[in-house]
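The primary structure of each chain is shown beneath.
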Amino acid sequence: MTLQQEIVGSAMQMAVVSLQPGQTVYCEAGKFLFKTTNVTMETRLGGPSGGGGQQSQPGGSGSGGMGGLLRQAMGTAMQAGQRALAGESLAFQYFTTQGGEGTVGFAGVLPGEMRALELDGTRAWFAEKDAFVAAESTVDFGIAFQGGRTGRSGGEGFVLEKFTGRGTVIIAGAGNFIDLNPADFGGRVEVDTGCVVAFEEGIQYGVQRVGGLNRQGVMNAVFGGEGLSLATLEGNGRVILQSLTIESLANALRKAQGGDKQGPTGGLFSTNAQ
C-alpha cells in the first residue's frame, strides 16, 4: 500500500501523511509536528532493521522464546549504539491509525525542502546525517560508516544514513534541492562537501583535495571558501544536492550577531570552532 503524503510549504516545508488502517510510519524524535486523535504514538529505541519496527507476538513463529527476545534486544541495543556513535537520536516515534484514516505531520529542522523517495527493494538510498524525517515501517533505517580518508575528510563526517526495503522515506535538507545524475555530466561531478543530501546505491561517493600543492591549489584552499576538499560523486543514478550548507548558515547567523568567525579569507584560515 503506497503511503499517501503531500509536501507543503516553500521556505520551510512539511510533510502531511494520510495513514490508512494497517499502515505505520515512524520518524526520528523531534521531527513530529501534529496528528489527529485517532493516530496512536509510541516511542521506541529501535527502528525496523533493529527489531523495533515489527514487534513479535508472544508464542508466534518470529518470537523464538527467550532466545528470540534476547536476539531482538541485542539487535535493538546494537542499533541504538550505532546511532549514539553517529550522533543521531536514540529513539524513533511510531504512528498507527485506529478506526479509519488518520493524519500525521512531520518537518525537518532547517529552512529548506523535503523530498519523498520511493524504494522498490532493488536499490538502497544514502543520505547525509540528520536528513531523515519519516518513513513507512517497511523501510529499514541503518547507519553506514564511510571508511578511510573519505569519511574523515568529508563535510558530513564519516556517517551516512542508509535506507533499504520497500516503501516511502521522507528526507529534508537546507535551501533548495537540485536533482542530477553524474552520468549526464561525463560520469562525475564535484561539489561542496556540505551540499550532498542523498544519493542512490551505485553512486560512488568520495572526497578529493582541491587542486594540487601549487600556487593555484593554495589559492583555492585559502581564499575559495571550500577548504582543502571537495566531494566527488560518480556513476549512474540519482543525486540530490542542497543550495544551503549548515556551515554557511551558521556563519551567516554569527555574522548577523556581530561575531563573524569565518575570517577574511573564507577558506583554510576560517576561525570556526568545530
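Check the entry above for the structure.
Rules used throughout
Residues numbered from 1 in each chain as written. Predicted model: local features only at pLDDT ≥ 70, side-chain atom pairs only at ≥ 80, totals over all residues. Heavy atoms only, no water. Helix = DSSP H or I, 4+ residues; strand = E, 2+ residues; numbered from the N terminus. Buried < 20%, exposed > 50% of the residue type's maximum accessible area, 1.4 Å probe, protein only. Contact = heavy atoms within 4.5 Å. Pairing = 2+ DSSP bridges. Axes fitted to C-alpha atoms, helices over the stretch in contact; angles between N-to-C directions. Phe/Tyr/Trp six-rings, centres within 6.5 Å; stacked < 30°, edge-to-face > 60°. Lys NZ or Arg CZ within 6 Å of the ring centre and 35° of its normal. Salt bridge = Lys/Arg side-chain N within 4 Å of Asp/Glu carboxyl O. Core = buried A, V, L, I, M, F, W, Y, C linked by side-chain atoms within 4.5 Å.

Student: How should I be thinking about the environment of A172 in this particular structure?
Tutor: If you trace the backbone, A172 turns up in strand β12 (residues 159–172). Given a relative accessible area of 10%, A172 falls into the buried group. A sequence separation of 44 residues divides A172 from E128, and the C-alpha atoms of the two residues are 9.7 Å apart. Residue contacts for A172: discarding those within four places in its chain leaves G108, E113, M114, A131, V133, F177 and V197.

Student: Can you help me understand the sheet that holds strand β14 (residues 188–191) in this one?
Tutor: In a beta sheet, neighbouring strands pair by backbone hydrogen bonds and run either parallel or antiparallel. Strand order in this open sheet of three strands is β14-β17-β16, and the pairing throughout is antiparallel. Edge positions in the open sheet fall to β14 and β16 (204–209), since each of these has one partner strand only. This sheet shows a mean twist of 30° between the axes of neighbouring strands, independent of strand direction. Judged from the four bridges that link them, β14 and strand β17 (residues 229–234) form a sheet pairing that is antiparallel. The residue bridging V189 from the neighbouring strand is L233, located in β17.

Student: When you look at the sheet that holds strand β7 (residues 102–107) in this model, what are you seeing that I'm missing?
Tutor: What the four strands build is an open sheet, ordered β1-β2-β7-β4; its pairing is antiparallel. In this open sheet, the two edge strands, each paired with only one partner strand, are β1 (4–8) and β4 (32–35). Taken pair by pair, the neighbouring strands of this sheet meet at an average axis angle of 20°, ignoring direction. Bridge count for β4 against β7 is three bridges, and the pairing is antiparallel. Looking at β7, one finds that F34 is bridged to G105.

Student: What's the story with the environment of L90 in this structure? I'm lost.
Tutor: Its place among the elements puts L90 in the loop between α1 (65–86) and β6 (92–97). The exposure class of L90 is partly exposed, given its relative accessible area of 41%.

Student: Explanation requested: the packing of aromatic side chains in the structure shown.
Tutor: Two descriptors summarise a pair of aromatic rings, namely the distance from one centre to the other and the angle between the planes of the rings. Evaluation of the coordinates by the stated rule reveals 12 aromatic pairs. Each ring, one from Y26 and one from F132, has its centre 5.7 Å from the other, and the planes form 40°; the classification is tilted. One end of the pair, Y26, is in strand β3 (residues 24–28); the other, F132, is in strand β10 (residues 132–136), with 106 residues separating them in the sequence. Neither Y26 nor F132 differs from the other in exposure class; each is buried. Pairing F95 with F106 gives two aromatic rings, centres 5.5 Å apart and planes at 75°, and the pair type is edge-to-face. Note that F95 is positioned in strand β6 and F106 in strand β7, a separation of 11 residues in sequence. Each member of the aromatic cluster is reached from another via a ring pair, and the members are Y26, F92, Y94, F132, F141 and F163. Note that R44 overlies the ring of Y94, its terminal NZ or CZ placed 4.0 Å from the centroid.

Student: Help me understand the pattern of salt bridges, please; the structure alone is not making it clear to me.
Tutor: Should the charged atoms of two oppositely charged side chains come close, the side chains can pair. Scanning all chains against the criterion turns up eight salt bridges. Salt-bridge contacts for K31 lead to E28; the nearest nitrogen and oxygen are separated by 3.2 Å. Residues joined in a network through salt bridges with shared partners are E113, R115, D179 and R238.

Student: Explain the nonpolar core here, please?
Tutor: The nonpolar side chains of a soluble globular protein tend to be buried with one another. Y26, F132, F163, V169 and I171 are the most contacted members of the largest nonpolar core, which has 21 residues in total. Secondary structure elements with two or more residues in this core: β6, β8 (114–120), β9 (125–128), β10, β11 (139–145), β12 and β15 (196–200). No other element matches the four residues that β12 contributes to this core. If sequence neighbours within four positions are ignored, I171 has contacts with E113, M114, R115, L117, A131, V133, F163, V197, A198 and I240.

Student: Honestly, unusual backbone geometry in this entry has me stumped. Any pointers?
Tutor: We note that D130 has phi near 75°; this positive angle belongs to a residue other than glycine. Within the fold, D130 resides in the loop between β9 and β10. On the basis of relative accessibility, which here comes to 39%, the residue D130 falls in the partly exposed class.

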